[in-house]
Amino acid sequence: MDKKRLIEKLREKGIKEEILKAIEKIDREDFVLERNLDEAYEDHPLSIGYGQTISQPYTVAFMLQELELKKGDKVLEIGTGSGWNAALISNIIGEKGKIYTVEIVDELAGKAKEKLKNYKNIIVFNGDASRGFVEYAPYDKIILTAAPPKIAEEFKEQLTDGGILLAPVGQYTQKLIKLTRNGNKFIEIERGDFIFVPLVSKTC
Ligand code: SAH
């Protein structure tokens, strides 16, 4: 499949134009391993080494849509992986937005830093964000691309009022949870079943 066909397929599945535009603009082939170049636009996850994957395009597109990204948003991503998702978010939130993305595997963080160095609104950090990333909090949007067993309380405190957190939650299979902050109330809804790599934690 090529990029054009992938985009048509995502459109048929209900993905909106603003997300498709970002997928059109950012080449996924820049974020996959060389040996997988001919599969860059297949709608499935691919290994990026170190036991990790670049997520399936449909899953990424669906999550970005659920995140209700707006121009100028301040976003936290947990699990930079290949950096593809961060590049897409960067494109959608525009130059007034900012994305802080944290990766626990040193080598992947290093590679992503290099790949994303020309994106002015992305900062890549190497570390454990299993309790969020309090340094730059609060965030308008928080997206976890690795699955925790449950949503830690610390994440909620790192959301702005009206902010949205999206996380695949569960140990073996995951439910995608969308949590919206309304003052001190947190409204949680389920947005389907997915399979993600587990969130690794050094602290618990
Ligand atoms: N968003 C990625 C998909 C990454 S897969 C992409 O577009 O390619 C999930 C990533 O989360 C993996 O790279 C994994 O190493 C990372 N991860 C797991 N636990 C983490 C933690 N506690 N803090 C930061 N990153 C973590």
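Preceding this paragraph is the structure being described.
Presented here is a report on the structure given in the accompanying data block. What you see is a predicted model, and the numbers here were worked out from it, not measured in a lab.

**Remarks on the layout of surface pockets**
Taken as a whole, the largest pocket holds about 590 Å³ of empty space. Residue assignment for the lining of the largest pocket shows that the elements contributing at least two residues are β2 (52-54), α3 (57-66), β3 (74-78), α4 (84-93) and β4 (98-103).

**Examining the nonpolar core**
Counting residues in each nonpolar core, the largest one holds 46 residues, and the members touching the most others are Leu-10, Ile-15, Leu-64, Leu-69, Leu-88, Ile-89 and Leu-116. Residue assignment for this core shows that the elements contributing at least two residues are α1 (3-12), α2 (17-25), β1 (46-49), α3, α4, α5 (106-115), β5 (122-126) and β7 (159-169). Among the elements that take part in this core, α4 stands out by supplying seven residues, more than any other. Leu-10 has contacts with Ile-15, Leu-20, Ile-23, Asp-43, Pro-57, Tyr-58 and Ala-61, leaving out every residue within four places of it along the chain. Ranked by size, the runner-up nonpolar core spans 21 residues in total, among them Val-102, Ile-142, Val-169 and Leu-199.

**Quick notes on the site of the ligand**
Lining the immediate environment of the ligand, one finds 26 residues, of which Ser-82, Glu-103, Asp-128, Ala-129 and Val-200 sit closest. The contact in question runs from an oxygen atom of the ligand to an N or O atom on the side chain of Ser-82, over 2.6 Å. Backbone polar atom of Asn-85 to an oxygen atom of the ligand: 3.2 Å apart, as the coordinates give it. Here the ligand loses 99% of its free accessible area of 580 Å² to cover by the protein chains. A molecule is said to occupy a pocket when more than half its atoms come within 2 Å of that pocket's grid points, and by this definition the ligand occupies the largest pocket. Looking at the shell around the ligand, the elements with two or more residues in it are β2, α4 and β4. Considering each element in turn, the shell around the ligand owes the most residues, three residues, to β2.

**Quick word on the packing of aromatic side chains**
On inspection of all chains with the given rule, the structure shows nine aromatic pairs. Among the aromatic residues, those joined into a cluster by ring pairs are Tyr-100, Phe-125, Phe-133, Tyr-136 and Tyr-139. Against the face of Trp-84 rests Arg-28, its NZ or CZ located 4.9 Å from the ring centre. Taking the ring centre of Tyr-139 as reference, the NZ or CZ of Lys-74 above it sits at 5.6 Å.

**Looking at α4**
Of all 10 residues in α4, nine are buried; the element is thus mostly enclosed. Buried residues of α4: Trp-84, Asn-85, Ala-86, Ala-87, Leu-88, Ile-89, Ser-90, Ile-92 and Ile-93, and no others. Gly-94, located one to two residues past α4, shows a positive phi value of around 75 degrees.

**Quick look at unusual backbone geometry**
Residue Pro-138 is reached from Ala-137 by a cis peptide bond, and omega for that bond is 5 degrees. Turning to its location among the elements, Pro-138 is positioned in the loop between β5 and β6 (139-144). For Tyr-50, which is not a glycine, the phi torsion comes out positive at approximately 55 degrees. Turning to its location among the elements, Tyr-50 is positioned in the loop between β1 and β2. At Glu-68, a position not held by glycine, the phi torsion is positive, near 50 degrees. Position of Glu-68 relative to the elements: it lies in the loop between α3 and β3. Of the residues examined, Glu-68 reaches a relative accessible area of 38% and is grouped as partly exposed.

**Here we look at the sheet that holds β6**
Strands sit in the order β5-β4-β3-β6-β7-β8-β9 across an open sheet of seven strands; the sheet is mixed. The open sheet has two edge strands with one neighbour each: β5 and β9 (185-194). Put simply, the sheet's adjacent strands are angled 15 degrees from each other on average, direction ignored. Here four bridges tie β6 to β7, and the two strands are oriented parallel to one another.

Definitions and cut-offs
Residues numbered from 1 in each chain as written. Predicted model: local features only at pLDDT ≥ 70, side-chain atom pairs only at ≥ 80, totals over all residues. Heavy atoms only, no water. 1 Å grid on protein atoms, 1.4 Å probe; cavity = no way out; pocket = protein on both sides within 12 Å on 5 of 7 lines; lining within 4 Å. Points joined across faces, edges and corners; volume = space filled by probe spheres on them. Helix = DSSP H or I, 4+ residues; strand = E, 2+ residues; numbered from the N terminus. Core = buried A, V, L, I, M, F, W, Y, C linked by side-chain atoms within 4.5 Å. Buried < 20%, exposed > 50% of the residue type's maximum accessible area, 1.4 Å probe, protein only. Contact = heavy atoms within 4.5 Å. Near = heavy atom within 4 Å. Polar contact = N/O pair within 3.5 Å; in protein donor to acceptor, adjacent residues only side chain to side chain. Areas by Shrake-Rupley, 256 points an atom, 1.4 Å probe, with all protein chains shown as cover. Sits in = over half its atoms within 2 Å of the grid points. Phe/Tyr/Trp six-rings, centres within 6.5 Å; stacked < 30°, edge-to-face > 60°. Lys NZ or Arg CZ within 6 Å of the ring centre and 35° of its normal. Pairing = 2+ DSSP bridges. Axes fitted to C-alpha atoms, helices over the stretch in contact; angles between N-to-C directions.

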